[in-house]
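# Chain and residue survey
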Amino acid sequence: MFSQAFIVILLMLLQLLLIISVITFFREALVFLDIFLFLLTMAAVVSLINSDRDPTYKLAWTVPIMLLPLFGGLFYFYIQGQTVTRRFFQRVKDIDKFFTERIPQPDKVLEAIRDNYPYRYSTVSYTNRNEYVSYSVFSNTDVKYYSLGEDCWRDMLEALESAEKYIFIEYFIIGISEMWGTILDVLKRKAAEGVDVRVMYDGVGSLLKVPFKYPSELGRYGIKCKTFMPFVPFLSTLQNNRDHRKITVIDGKVAFNGGINLDDEYVNLTSPYGHWKDTAVRLTGDAAYSFAVIFLQMWQATERTDRIDPADFRPNWDYKAESGGYVMPYADAPNDDYQIGEFVYMDIINKARNYVHITTPYLILDNSMKMALINAARSGVDVKLIIPGVADHWYAYYVAMEYARELIKKGVEVYEYTPGFIHAKNFVSDEEVAVVGSINLDFRSLYLHFECATWMLGGPAVADVSKDFDETLSKCHRLTVEDIDARPLRKRLMSAVLRIFAPLM
């Protein structure tokens, strides 16, 4: 309901009513109204053009502003001028800097990456000790990759049982279901044993999944629970910035991250969209503590109590990883200028020598990401994307077809996962680097949401991600321009119109 596309439609109806009222009751004032609308529209367009937004985003805003000169312009200035949003974002920025600076960074790891993978070092240098955040990279960490949500679920239950000090859980969606029920049973027992159990879920993502007072209900079991930005019935840009992260941390020693939410479809207990293909990773070792800090950042940002010291949650243990490679947990937020999620993806694409393989549930690209994929393919790199064959949101699927058509024409291979819906957000390139996390290839994930992911360099988990892509590809249909153009005319027209508003969805 709070997507900007929905708001634009609502404002069109409101403007229609206003125009009828003006014509009926204020005919003598039409000249002055025209002058006011013209000045308001021009001011909004000039402000938009001179902003530092992506060109595609600017175009998507320009259309409703020009079509709806009164409400379009007013809504644009309302969005840009919300002090509540700016204050919250500044608070998050300050907290992020304070917390991430306290994640230890082993110097030998940075030296090893610089020596052994010099062309990959830019990813680390971009995210490590920059102006806003400081995400560290570790070597003493074992990574287990899960190609299905149900496999991750089983291991997660086992890991939760081992908790001695704390359990942190942060997800976009938590739904009252069999999957969540099994996890909640463990959390209740652990809370009764004195373990610090904290749960956070998104107020819109879980809106129809749990009762409004669910935090109070869990509080009766000793579980600290928060709703991130609960749904409120008024227009606010904060309602547009959701917590899309997926994190489970046990004692700072073990962490889970990926695309899986805590509801039955993610582990194929229900099948609303056919077979649900999702992925995740388990981190055991030094890097797991980073996800504890990332969780505490958001937890602290949503309350006014004294600042938590993340050092209090750092594990004191002597762990020796069995596998090699490097691991960097990282987060992204809409309140800074770094756009870490997009940079990491772009860096992988631009440095690919042999291949870059991607799975994403949504394909809504800005111009720079689109051109990076096309240029890589034109340079001889094997660029393949897998998107869902069964859509969970029809409008997102229609837009994806328009982007897929353009990519295919320029040499990128796009495949549909025919058994159902693929929710995995994976990047893998050259048997060397991979990302598994919550970040989709769409404007919301890259610009509007709070996100997180795991970057991996070397190590067996990267090969596992690549192998899973190849196995998934055998269950896919390769799209062609002819396939897309063969759709009914009404669908092709709808796709073309929706693409204009794609950045606002």
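See above for the structure.
The following refers to the structure shown. For every chain, the first residue of its written sequence is number 1, and the numbers climb from 1 along that sequence. Only residues with pLDDT of 70 or above have their local features reported here, since the model is predicted, and side-chain atom pairs are shown and tallied only from 80 upward, although totals for entire chains, interfaces and linings are computed over all residues. Hydrogen atoms and water are omitted, and side-chain values are computed over all heavy atoms in the structure.

### Quick word on helix 8 (residues 149-161)
- Taking 1.5 Å of rise per residue, 13 residues should cover 18 Å, and helix 8 covers 19 Å from first to last C-alpha, within 8% of that figure.
- Relative accessibility thresholds used throughout: buried, under 20% of the residue-type maximum; exposed, over 50%; partly exposed, between the two (1.4 Å probe, protein chains only). In this description a helix means any DSSP run of H or I spanning at least four residues, a strand means any run of E spanning at least two, and both kinds are numbered starting from the N terminus. Among the residues of helix 8, those classed as buried are G149, E150, C152, W153, D155, M156, A159 and L160.
- The contact criterion used throughout is that any non-hydrogen atoms of two residues lie within 4.5 Å. The elements touched by buried residues of helix 8 are strand 1 (141-146), strand 2 (166-171), helix 9 (178-192), strand 5 (246-250), strand 6 (254-258) and strand 8 (280-285). An expected span of 1.5 Å times one less than the residue number is assigned to each helix.

### Re the pairing of strand 3 (residues 196-202)
- A large share of strand 3 lies buried, amounting to seven of its seven residues.
- Pairing between strand 2 and strand 3: six bridges, direction parallel. Bridge pairing in strand 3 places Y166 opposite D196.
- Classification remark: right-handed applies to a crossover when, strands pointing away from the viewer, the course from the first strand over the helix to the second runs clockwise. What joins strand 2 to strand 3 is helix 9, and the crossover it makes is right-handed.
- In the sheet, strand 3 pairs with strand 4 (residues 224-228) via five bridges, with the strands oriented parallel. Across the sheet, D202 pairs through a bridge with F228, a residue of strand 4.
- Note on the crossover from strand 3 through helix 10 (residues 214-219) to strand 4: the handedness is right-handed. One bridge is not enough; two strands pair if DSSP finds at least two bridges between them.

### A closer look at the pattern of salt bridges
- Here, a salt bridge means any Lys or Arg side-chain nitrogen found within 4 Å of an Asp or Glu carboxyl oxygen. Counted according to the given criterion, the structure contains 23 salt bridges.
- For D202, the salt bridge identified is with R242, shortest N-O distance 3.0 Å. With a gap of 40 residues between them, D202 in strand 3 and R242 in the loop between strand 4 and strand 5 connect regions that are remote in the sequence.
- Judged by relative accessible area, which is 4%, R242 ranks as buried.
- One salt-bridge network, held together by shared partners, links R120, R353, D430 and E432.

### So, the packing of aromatic side chains
- Stacked, tilted and edge-to-face are the three classes applied to pairs of Phe, Tyr and Trp rings, where Trp contributes its six-membered ring and a pair requires centres within 6.5 Å; stacked means planes under 30 degrees apart, edge-to-face means over 60, and tilted covers the rest. This structure, assessed with the given rule, holds 21 aromatic pairs.
- Note on Y117 and Y326: the rings are 6.3 Å apart at their centroids and 85° apart in plane angle, and the pair reads as edge-to-face. Here Y117, found in the loop between helix 6 (107-116) and helix 7 (121-127), pairs with Y326, found in strand 9 (residues 326-332); they are 209 residues apart in sequence, far enough to count as distant.
- Residue classification places Y326 among the buried positions, given a relative accessible area of 12%.
- The side chain of K188 reaches across the aromatic face of Y221, ending 4.2 Å from its centre.
- The side chain of R307 reaches across the aromatic face of F98, ending 4.7 Å from its centre. For a ring to carry a charge above it, either NZ of a lysine or CZ of an arginine must fall within 6 Å of the ring centroid while also lying within 35 degrees of the normal to the ring plane.

### Side note on the sheet that holds strand 14 (residues 426-429)
- Spatial strand order, 9-16-15-14-10-11-12-17: eight strands in an open sheet with mixed pairing. Strands with a single pairing partner mark the edges of an open sheet, and in this sheet they are strand 9 and strand 17 (476-478). When the angles between neighbouring strand axes are averaged without regard to direction, this sheet yields 20°.
- Contacts between helix 12 (residues 340-351) and the sheet are confined to strand 9, strand 10 (355-359), strand 14, strand 15 (433-437) and strand 16 (451-457), with strand 9 contributing the most and set at about 135° to the helix. To get an axis, fit a line to the C-alpha atoms, keeping to the stretch in contact for a helix; angles then go from 0 to 180 degrees between the N-to-C directions.

### Observations concerning the nonpolar core
- Put simply, buried Ala, Val, Leu, Ile, Met, Phe, Trp, Tyr and Cys residues joined by side-chain atoms within 4.5 Å make one nonpolar core. Counting 108 residues, the largest nonpolar core has Y330, L363 and W455 as the members making the most contacts within it.
- With 11 residues, the top contributor of residues to this core is helix 11 (residues 288-301).
- Contact partners of W455, with chain neighbours within four places excluded, come to R120, T123, V124, V137, Y326, V327, M328, Y330, V344, V433, A434 and V435.
- Judged by nonpolar contacts, the second largest core, of 41 residues, contains W153, V210, L218 and L262.

### Quick look at the packing of helix 14 (residues 394-409) against helix 18 (residues 489-500)
- Between helix 14 and helix 18, the least distance of the axes is 8 Å, while the angle of their chain directions is 85°. With respect to their mutual orientation, helix 14 and helix 18 come out roughly perpendicular. Of the residues in helix 18, those in contact with W394, Y395, Y398, V399, E402, Y403 and E406 of helix 14 are R490, K491, R492, M494, S495, A496, L498 and R499.
- Residue polarity follows a fixed list, in which Ala, Val, Leu, Ile, Met, Phe, Trp, Tyr, Cys and Pro are nonpolar, Asp, Glu, Lys and Arg are charged, and the others, Gly among them, are polar. Partitioned by chemical class, the residues of the contact of helix 14 with helix 18 number eight nonpolar, one polar and six charged. Angle categories are assigned with fixed cut-offs, so that under 35 degrees is roughly parallel, over 145 is roughly antiparallel, 65 to 115 is roughly perpendicular, and the rest are oblique.

### Here we look at the sheet that holds strand 2
- Pairing is mixed across the open sheet formed by seven strands, whose spatial order is 1-8-6-5-2-3-4. Lying at the two open borders of the sheet, with one neighbouring strand each, are strand 1 and strand 4. Between one strand and the next, the sheet's axes are offset by a mean angle of 10°, whatever the strand orientation.
- Helix 9 contacts strand 2 and strand 3 of the sheet and is inclined by roughly 145° relative to strand 3.

### Thoughts on the environment of N316
- Tracing the backbone through its elements, the reader meets N316 in the loop between helix 11 and strand 9.
- The exposure class assigned to N316 is exposed, which follows from its relative accessible area of 76%.

### Regarding unusual backbone geometry
- One non-glycine residue with positive phi stands out, namely M229, at about 50°.
- Checked against the element boundaries, M229 lands in the loop between strand 4 and strand 5.
- Unusually for a residue other than glycine, D430 sits at a positive phi of about 60°.
- Mapped onto the elements of the fold, D430 is located in the loop between strand 14 and strand 15.

Note that every value here comes from positions in space, so none of it alone points to a role or purpose.
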